Amino acid sequence: MNMQIEIELNKMILAITNTIREKHPELVKHLNEMPITVPYVENPDVIVKTLTSYYDSLVTLVNDCKVNHQATGLEQQQKNLSITEIATMKLNNVYQNLFIELNNFIISYNDTGEGSMPIIFLHGYPFDKTMWHAQLDYLKSSHRVIACDIRGFGTSTDEESLLSIDLFAEDLRCFMDKLNIKKAVLCGLSMGGYITLNAVKRFPERFEALILCDTQCIADSNEVKEKRYKTIEQIKLDGVATFNEAFIKSVFHTDSLTNRKELVETLRSVVCANTPTIMMAGLTALAERTESCSSLESIRIPTLIICGSEDVLTPVAQSEFMHKHIKGSILKIIENAGHVSNLEHPDEFNMYLLAFLNKLLLSQEI
């Protein structure tokens, strides 16, 4: 299995190296300072961890360049350091990517903290697991927290499969099996919420509690589905840049767009890191999902529902509907937040998470 992971990592390293050479030539000189990390006959002891660190350092370089629109800031700050030292400094405050193989692809995830009941975080479309770092930081001292990149997104692989919410839920089950997790608390935002509702319907015995964030149980209407497919055709013709920019503006509260530009730029870099192929495959998965509203009343485990008051993609009314039909559920509305409430108001979001989890632990002890 390690050999397969190394092969996939090498493919990822090659892809991002080509991106740097083509789109960020000012960073090429940093590549020449990198230690050799790709396994070959004369260097047989290179391990997955080394490859992962190398890949992460390349991602850091590209993201810094995108956010700052130039590499000179990084060069000035770290003027006298080698690129390996720069990468180490940058990685001190982020989570090491872990990789395992399942369902014919490689899934990338973070796994930190300790606790009797793991909490698994599922990101929305078209984001990645980094959107949960504030929650992992907040909870890791008291809970085991896991965030994974959904198939095809972030640093998880698969550019070829026909993506679907059913497939993502099956991936989740296999992921839990690989990590020997019998039951978990599941937290999903937007598309992650669709996966959460799908998984609890199909595998109810695997979950101790649910956290549904800025999501809904309905399927796309014919009108919305048609709009998604028109967007796919537009991406095929003109590329993904126009869609990405409009999407970024739609997920934030207007205050964030004006006053929290660093946050907006960070999420923009995550969205723009996706290939057009994955963007289109993800839109297809969203368009073809089935409704889960009819199964809400069968949910018999503790459920927390969180939604931004100004979420235009999955409005508060949808959260209120789920709250009404999931017996004993808790609904929290975060004011002045859009579709990414965990990013815009992490302190309030985390407070609701911790209160819910503490109540869950207390009930288990009783």
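Every value quoted in this text rests on a predicted model; they were computed, and no experiment measured them. (Residues numbered from 1 in each chain as written. Predicted model: local features only at pLDDT ≥ 70, side-chain atom pairs only at ≥ 80, totals over all residues. Heavy atoms only, no water.)

**Details of the confidence of the model for the protein**
Turning to step 1, where the next piece is worked out: Taken residue by residue, the protein gives an average pLDDT of 85. The fraction at 70 or more is 81%.
Turning to step 2, where the next piece is worked out: Predicted confidence is poor over residues 32-46, with pLDDT under 50, and the contacts of this stretch with residues over four places away or in other chains come to 20 contacts.
Turning to step 3, where the next piece is worked out: Predicted confidence for residues 69-93 stays below pLDDT 50, and this span has 29 contacts to residues more than four positions away or in other chains. (pLDDT = per-residue confidence, 0-100. Contact = heavy atoms within 4.5 Å.)

**Considerations on helix 10 (residues 241-251)**
Turning to step 1, where the next piece is worked out: By the burial criterion, the buried members of helix 10 are F243, N244, F247, I248 and V251. Looking straight down helix 10, one finds its buried side chains confined to an arc of 130°; they lie on one side. Residues A241, T242 and K249 are exposed on helix 10 and point more than 90 degrees away from its buried face.
Turning to step 2, where the next piece is worked out: Considering only its buried residues, helix 10 is in contact with helix 9 (222-238), helix 11 (254-259), helix 12 (261-272), helix 13 (276-287) and helix 15 (341-344). (Buried < 20%, exposed > 50% of the residue type's maximum accessible area, 1.4 Å probe, protein only. Helix = DSSP H or I, 4+ residues; strand = E, 2+ residues; numbered from the N terminus. Arc of directions from axis to C-beta.)

**So, the pattern of salt bridges**
Turning to step 1, where the next piece is worked out: Summed over the entire model, instances satisfying the criterion amount to 17 salt bridges.
Turning to step 2, where the next piece is worked out: For R144, the salt bridge is made with D111, and the minimal N-O distance between the two is 2.7 Å. Separated by 33 residues along the polypeptide, R144 in the loop between helix 6 (133-139) and strand 4 (145-148) and D111 in strand 2 (residues 105-112) bring together distant segments of the chain.
Turning to step 3, where the next piece is worked out: The partly exposed category is assigned to D111, whose relative accessible area is 27%.
Turning to step 4, where the next piece is worked out: We note a salt bridge from D171 to R151, for which the minimum N-O separation is 2.9 Å. Note that D171 is positioned in helix 7 (residues 165-178) and R151 in the loop between strand 4 and helix 7, a separation of 20 residues in sequence. Just as D171 is buried, R151 falls in that class too. (Salt bridge = Lys/Arg side-chain N within 4 Å of Asp/Glu carboxyl O.)

**Some remarks on the side chain of S190**
Turning to step 1, where the next piece is worked out: With respect to the helices, strands and loops of the structure, S190 is situated in the loop between strand 5 (184-189) and helix 8 (191-202).
Turning to step 2, where the next piece is worked out: Judged by relative accessible area, which is 8%, S190 ranks as buried.
Turning to step 3, where the next piece is worked out: Here the side chain of S190 touches H339 through a polar contact of 2.8 Å, side chain to side chain.
Turning to step 4, where the next piece is worked out: Setting aside residues no more than four positions away along its own chain, S190 makes contact with G124, C213, D214, T215 and H339. (Polar contact = N/O pair within 3.5 Å; in protein donor to acceptor, adjacent residues only side chain to side chain.)

**Details of the packing of aromatic side chains**
Turning to step 1, where the next piece is worked out: If you walk through the whole model with that rule in mind, you get seven aromatic pairs.
Turning to step 2, where the next piece is worked out: Ring geometry for F121 and W132: centres 5.0 Å apart, planes at 45°, overall tilted. Residue F121 is located in strand 3 (residues 119-122), and its partner W132 is located in the loop between strand 3 and helix 6; the two are separated by 11 residues in the primary sequence.
Turning to step 3, where the next piece is worked out: Among the aromatic residues, ring-to-ring pairing joins Y125, F127, F153, F243 and F247 into one connected group.
Turning to step 4, where the next piece is worked out: The ring of Y194 is capped by R289, whose NZ or CZ atom sits 4.1 Å from the centre of that ring. (Phe/Tyr/Trp six-rings, centres within 6.5 Å; stacked < 30°, edge-to-face > 60°. Lys NZ or Arg CZ within 6 Å of the ring centre and 35° of its normal.)

**Concerning the sheet that holds strand 1 (residues 98-102)**
Turning to step 1, where the next piece is worked out: Within the open sheet, the eight strands sit side by side as 1-2-4-3-5-6-7-8. Their pairing is mixed. If you trace the sheet from one side to the other, it starts and ends with strand 1 and strand 8 (330-334), each paired once. Ignoring which end each strand starts from, the neighbouring axes of this sheet average 25° apart.
Turning to step 2, where the next piece is worked out: In this structure, strand 2 lies alongside strand 4, joined through four bridges in antiparallel fashion. The residue of strand 4 that forms the bridge with T112 is V145.
Turning to step 3, where the next piece is worked out: Running at roughly 115° to strand 1, helix 7 makes contact with strand 1, strand 2, strand 3, strand 4, strand 5 and strand 6 (207-213) of the sheet. (Pairing = 2+ DSSP bridges. Axes fitted to C-alpha atoms, helices over the stretch in contact; angles between N-to-C directions.)

**Here we look at the layout of surface pockets**
Turning to step 1, where the next piece is worked out: Of the pockets and cavities examined, the second largest pocket occupies roughly 600 Å³.
Turning to step 2, where the next piece is worked out: Lining the second largest pocket are 24 residues, and of these V224, R228, F243, F247 and L313 sit closest to its centre.
Turning to step 3, where the next piece is worked out: Looking at the lining of the second largest pocket, the elements that each hand over two or more residues are helix 8, helix 9, helix 10 and helix 13.
Turning to step 4, where the next piece is worked out: A class-by-class count of the residues in the lining of the second largest pocket yields 13 nonpolar, seven polar and four charged. (1 Å grid on protein atoms, 1.4 Å probe; cavity = no way out; pocket = protein on both sides within 12 Å on 5 of 7 lines; lining within 4 Å. Points joined across faces, edges and corners; volume = space filled by probe spheres on them. Nonpolar A, V, L, I, M, F, W, Y, C, P; charged D, E, K, R; others polar.)

**Notes on the packing of helix 10 against helix 12**
Turning to step 1, where the next piece is worked out: Direction vectors running N to C along helix 10 and helix 12 enclose 135°, while the axes themselves pass 10 Å from each other. Taken together, helix 10 and helix 12 sit at an angle that is classed as oblique. The two elements helix 10 and helix 12 cross, and the hand of that crossing is right-handed. Residue-level contacts link N244, E245, I248 and V251 of helix 10 to V264, L267, R268, V271 and C272 of helix 12.
Turning to step 2, where the next piece is worked out: When its residues are assigned to classes, the contact of helix 10 with helix 12 shows six nonpolar, one polar and two charged. (Parallel < 35°, antiparallel > 145°, perpendicular 65-115°, else oblique. Left-handed = near helix turned anticlockwise from the far one by under 90°.)

**A word on the side chain of R268**
Turning to step 1, where the next piece is worked out: Relative to the helices and strands, R268 resides in helix 12.
Turning to step 2, where the next piece is worked out: Overall, R268 belongs to the buried group, its relative accessible area being 17%.
Turning to step 3, where the next piece is worked out: Leaving out residues up to four positions away in the same chain, R268 has contacts with E245 and I248.

**Overview of the state of the cysteines**
Turning to step 1, where the next piece is worked out: Taken as a whole, this structure holds one disulfide when the rule is applied.
Turning to step 2, where the next piece is worked out: Paired through a disulfide, C217 and C293 show a sulfur-sulfur distance of 2.1 Å. Its S-S torsion of approximately 90° makes the covalent link between C217 and C293 right-handed. One end of the pair, C217, is in the loop between strand 6 and helix 9; the other, C293, is in the loop between helix 13 and strand 7 (303-308), with 76 residues separating them in the sequence. With respect to class, C217 is no different from C293; both count as buried.
Turning to step 3, where the next piece is worked out: Looking at the unpaired C187, the closest cysteine sulfur is the one in C213, lying at 3.7 Å.
Turning to step 4, where the next piece is worked out: On the accessibility criterion, C187 (0% relative accessible area) is buried.
Turning to step 5, where the next piece is worked out: Note on C213: relative accessible area 0%, which makes it buried. (Disulfide = S-S within 2.5 Å.)

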